[in-house]
Amino acid sequence: LKYPSLAKDVGISGIVYISFVINEKGNIENVRVIKSVHELLDREAKRVVEEMPSWKPGKQRGKTVKVEFNIPIKFTLLKENKK
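Predicted, not measured: the structure shown is a model, and the values here were computed from it.

Draft legend 1. Quick look at the sheet that holds strand S2 (residues 28–35). The strand order S2-S1-S5 describes an open sheet built from 3 strands, whose pairing is antiparallel. Among the strands making up the open sheet, the edge pair consists of S2 and strand S5 (67–75). In this sheet, neighbouring strand axes are inclined to one another by 25° on average, regardless of whether the strands run parallel or antiparallel. In terms of strand pairing, strand S1 (residues 14–22) meets S5 through 9 bridges, oriented antiparallel. Residue pairing for S5: isoleucine 15 is matched across the bridge by lysine 74. Strands in contact with helix H2 (residues 39–50) are S1, S2 and S5; relative to S1, the strand with the most contacts, it is inclined by about 35°.

Quick look at the structure:
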């Protein structure tokens, strides 16, 4: 995860909620933002999920199935100590 520098400069932070599906082969598909903070953070959160390695596919009654996930990605700015 790379905090977008423009978002950092103007102090944008928050939690982006991402939804995605793990298909029958374990690949990630249908990545989308379900709760936005700002376009810059949304784009980075989506990029990170899209670049994740393949997952182990879900199983139901012995067959592989698609599984939908929703995850939060938190962007937090730390306050710098100024002396």
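Draft legend 2. The packing of aromatic side chains, seen in detail. Considering all chains together, one arrives at 4 aromatic pairs under this definition. Relative to phenylalanine 75, the ring of tyrosine 3 has its centre 5.5 Å away and its plane inclined at 90°; by these criteria the two rings are edge-to-face. Of this pair, tyrosine 3 sits in the segment before helix H1 (5–10) while phenylalanine 75 sits in strand S5, and the two are 72 residues apart along the sequence. Classification of tyrosine 3 as buried rests on a relative accessible area of 19%. Residue phenylalanine 75 is classed as buried on the basis of its relative accessible area of 2%. With a centroid separation of 4.8 Å and 50° between ring planes, the pair formed by tryptophan 55 and phenylalanine 69 is classed as tilted. Residue tryptophan 55 is located in the loop between H2 and strand S3 (58–60), and its partner phenylalanine 69 is located in strand S5; the two are separated by 14 residues in the primary sequence.

Draft legend 3. Inspection of the pairing of S1 at higher detail. With 5 bridges connecting them, S1 and S2 associate as antiparallel partners. Paired with tyrosine 17 across the bridge in S2 is lysine 35. Connecting the antiparallel pair S1 and S2 is a turn made up of 5 residues, with glycine 26 showing a positive phi of about 90°.

Draft legend 4. A look at the nonpolar core. Ranked by size, the top nonpolar core spans 14 residues in total, and within it Ile18, Leu41 and Phe75 carry the most contacts. Breaking this core down by element, the ones donating at least two residues are S1, H2 and S5. Aside from chain neighbours lying at most four places away, what touches phenylalanine 75 is Leu1, Tyr3, Pro4, Ser13, Gly14, Val16, Leu41, Glu44 and Ala45.

Draft legend 5. Inspection of unusual backbone geometry at higher detail. Despite not being glycine, asparagine 30 has its phi angle at roughly 55°, a positive value. Examined against the element boundaries, asparagine 30 turns out to sit in strand S2. Of note, the phi angle at arginine 61 is positive, near 55°, even though the residue is not glycine. What makes arginine 61 exposed here is its relative accessible area of 81%.

What counts as what
Per-chain numbering applies: the sequence of each chain, read as written, is numbered from 1 onward. For a predicted model such as this one, the threshold for reporting local features is a pLDDT of at least 70, and the threshold for listing and counting side-chain atom pairs is 80 or more; totals across whole chains, interfaces and linings nevertheless cover every residue. As a rule here, side-chain values come from all non-hydrogen atoms in the structure, and water together with hydrogens is ignored. Two strands are counted as paired when DSSP detects at least two bridges linking them. Segments assigned H or I by DSSP are reported as helices when at least four residues long, segments assigned E as strands when at least two residues long, and all are numbered from the N terminus. In this analysis an axis means a line fitted to C-alpha atoms, helices contributing only their contacting stretch, and an angle means the value between N-to-C directions, from 0 to 180 degrees. Every residue pair with non-hydrogen atoms within 4.5 Å of one another is taken to be in contact. Pairing of aromatic rings covers Phe, Tyr and Trp, the last counted by its six-membered ring, and requires centre-to-centre distances within 6.5 Å; plane angles under 30 degrees mean stacked, over 60 mean edge-to-face, and any other angle means tilted. Each residue is placed in one exposure class: buried if its accessible area under a 1.4 Å probe, protein chains only, is under 20% of its type's maximum, exposed if it is over 50%, and partly exposed if it falls in between. Remark: nonpolar core denotes a set of buried residues (Ala, Val, Leu, Ile, Met, Phe, Trp, Tyr, Cys) joined through side-chain atoms within 4.5 Å.

Remember, this is a structural readout, not a statement about activity or role.
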